[in-house]
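# A closer look at the structure
Given next are the chains, with one letter for each unit.
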Amino acid sequence: MRRRLAVVVLILVILCLPTWWTLLASGVDWPWPVLAVGTAALAAWAVSFPFLMIAGHGPRRADRAARVADTSLGVVWVLFTWSVLGGLVQLALTGLDVGGVDRARIVAGAVATVSAGLLGWGHYEAMRVPRVRRLDVHLPRLGAGLDGTRVVVLADTHYGPIDRAGWSARVADAVNALDADVVVHAGDIADGTPAQRREQSAPLGTIRSRLAKVYVTGNHEYGGEAQGWLDRMADLGWEALHNRHVVVERDGDALVLAGVDDVTAESSGEAGHRANLSGALAGADPDRPVLLVAHQPKFVPQAEAAGIDLQISGHTHGGQIWPFNFLVRIDQPVVQGLSRHGQRTQLYTSRGTGFWGPPFRVFAPSEITLLTLRSGGAPATA
């Protein structure tokens, strides 16, 4: 417990110290009330933040506390990032003897202005209906009868403390406008239980497709009744690929749609949940192409070993708030987009349709993805 507390304190100090130094203390020479108020505000956030996170995302899930904690975390992260960059610029200007006595204030003003602009723009990007990202994916084993199959991908909707029922309805309308053959939800549908997020998830029931609507669990479902979300999606007309597959056919050709539970499922304690690819493929014709839905890109080595043609994943959010994408890359093989793994397997990683936690997206736009499957041709290069 002491070690964990020490780690938390260290992280909070690291997040606050560059902002304090660049904006308040690095030679800016503000009047003492400005320094006092700014220091007190950062200290108050650092002390209150852990309690707000526990209240908002712990067992009680108090949405008001979660909104304050999440939003403030996003603000502090952006200030931290640009304060570090501003501090480096100030060091460079000092070394070059540029800017004179006003150098520190100019840098502080620039950091504050850039941060405020990015937070405003990032909030707009997070709350808007995602733009449609379109690309063709060539699957050499796909039969000609399924050439042109339109697969629409949603991921990481993260219905949560901010009520986005209206946003959810507009997303459903955007999906229906794409005239999909298959619609995939790659997991992390919500933060909370099905009862808590009932209104926000309801528009998923209006989404239409010609051949199938399929869904897999993400890691966040395992903090909010994973089996309940499988049942909720079934009620809304979606097929849960709970370590199983379905087959879609057109003009004599077939495609296997398989799905696995998230890689965190087994450690969650949820009975009957784990990532089981062999179970998902049991009984499938090995000569048919396979589209696998797995929430996290890091599952792709198993997909490659099994000869999967295309894995669809989410989880990364494309980093969500730059430069967090570099940290995501430490844990995941891909942050976003189409990549090739081995001779056959391709992976498409969605940047996500919604957002987790901080209601900001900075240099990592959300997306609704339209993948058009093409028969023949060579897989995309990594």
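Here we summarise the structure given alongside this text. As the structure is a computational prediction, the values presented were derived from the model and not from experiment. (Residues numbered from 1 in each chain as written. Predicted model: local features only at pLDDT ≥ 70, side-chain atom pairs only at ≥ 80, totals over all residues. Heavy atoms only, no water.)

### Looking at the pattern of salt bridges
Tallying each qualifying case throughout the model produces 13 salt bridges. In this structure, Arg131 and Glu125 form a salt bridge, with 3.5 Å as the shortest nitrogen-oxygen distance. The salt bridge involving Asp147 is made with Arg374; its shortest N-O contact spans 3.4 Å. Taken as a pair, Asp147 in the loop between β1 (131–139) and β2 (149–154) and Arg374 in strand β12 (residues 367–375) lie far apart in primary sequence, 227 residues in all. Judged by its relative accessible area of 27%, Arg374 falls in the partly exposed class. (Salt bridge = Lys/Arg side-chain N within 4 Å of Asp/Glu carboxyl O. Helix = DSSP H or I, 4+ residues; strand = E, 2+ residues; numbered from the N terminus. Buried < 20%, exposed > 50% of the residue type's maximum accessible area, 1.4 Å probe, protein only.)

### Some details on unusual backbone geometry
Cis geometry marks the peptide bond from Trp322 to Pro323, where omega comes out at 5°. Relative to the elements of secondary structure, Pro323 occurs in the loop between β9 (310–313) and α10 (324–331). With a phi angle near 50°, His158 is a residue other than glycine that sits in the positive phi range. Note on placement: His158 falls in the loop between β2 and α5 (165–176). Here Asp251, not a glycine, exhibits a phi torsion of approximately 50°, which is positive.

### Looking at the packing of helix α1 (residues 2–25) against helix α2 (residues 32–57)
Between α1 and α2, the shortest axis-to-axis distance is 10 Å and the interhelical angle comes to 160°. In terms of orientation, α1 lies roughly antiparallel with respect to α2. In terms of crossing hand, the pair formed by α1 and α2 is right-handed. For the pair α1 and α2, contact is made by Val8, Leu12, Leu15, Cys16, Thr19, Trp20 and Leu24 and by Val34, Leu35, Gly38, Thr39, Leu42, Trp45, Ala46, Phe49 and Pro50, respectively. (Axes fitted to C-alpha atoms, helices over the stretch in contact; angles between N-to-C directions. Parallel < 35°, antiparallel > 145°, perpendicular 65-115°, else oblique. Left-handed = near helix turned anticlockwise from the far one by under 90°. Contact = heavy atoms within 4.5 Å.)

### Points about the sheet that holds strand β5 (residues 239–240)
Reading across the sheet, the 6 strands line up as β1-β12-β2-β3-β4-β5 and stay open at both edges, with mixed pairing between neighbours. The outermost strands of the open sheet, each flanked by one partner alone, are β1 and β5. Both β2 and strand β3 (residues 182–185) contribute to a ladder of 4 bridges, which runs parallel. When the bridges of β3 are listed, Val151 appears paired with Val182. (Pairing = 2+ DSSP bridges.)

### Concerning the pairing of strand β10 (residues 337–341)
As defined by bridge partners, β10 adjoins strand β11 (residues 345–349) across 5 bridges and the pair is classed as antiparallel. Counterpart to Arg340 in the pairing with β11 is Gln346. Here β10 folds back onto β11 in antiparallel fashion, the turn holding 3 residues, of which Gly342 has a positive phi close to 80°.

### Examining helix α7 (residues 226–235)
Within the sequence span of α7, burial applies to Ala226, Trp229, Leu230, Arg232 and Met233. On an axial view of α7, the arc spanned by its buried residues comes to 165°, and they lie on one face. In this structure, the buried residues of α7 make contact with α6 (198–201), β4 (212–215) and β5. Gly237 sits one or two positions beyond α7 and adopts a positive phi of about 95°. (Arc of directions from axis to C-beta.)

### A closer look at the side chain of Gln200
As for its placement among the helices and strands, Gln200 is situated in helix α6. Look at Gln200 and you get buried, because its relative accessible area is 5%.

### With respect to a nonpolar patch on the surface
The grouping of Leu5, Val9, Val13 and Leu17 at the surface amounts to a nonpolar patch, some 350 Å² of accessible area in total. Take Leu5: it is sitting in helix α1. The exposure class assigned to Leu5 is exposed, which follows from its relative accessible area of 55%. (Patch = residues over 30% accessible without salt bridge, like charges linked within 9 Å, V, L, I, M, F, W, Y side chains within 5 Å. Areas by Shrake-Rupley, 256 points an atom, 1.4 Å probe, with all protein chains shown as cover.)

### Quick look at the environment of Val248
Of note, Val248 is situated in strand β6 (residues 244–250). When its relative accessible area of 6% is taken as the criterion, Val248 is described as buried. Linking Val248 and Val328, residues 80 residues apart in sequence, is a C-alpha distance of 34 Å. Discounting chain neighbours no more than four positions away, the residues touching Val248 are Leu146, Leu211, Ala212, Asp253, Ala254, Leu255 and Leu257.

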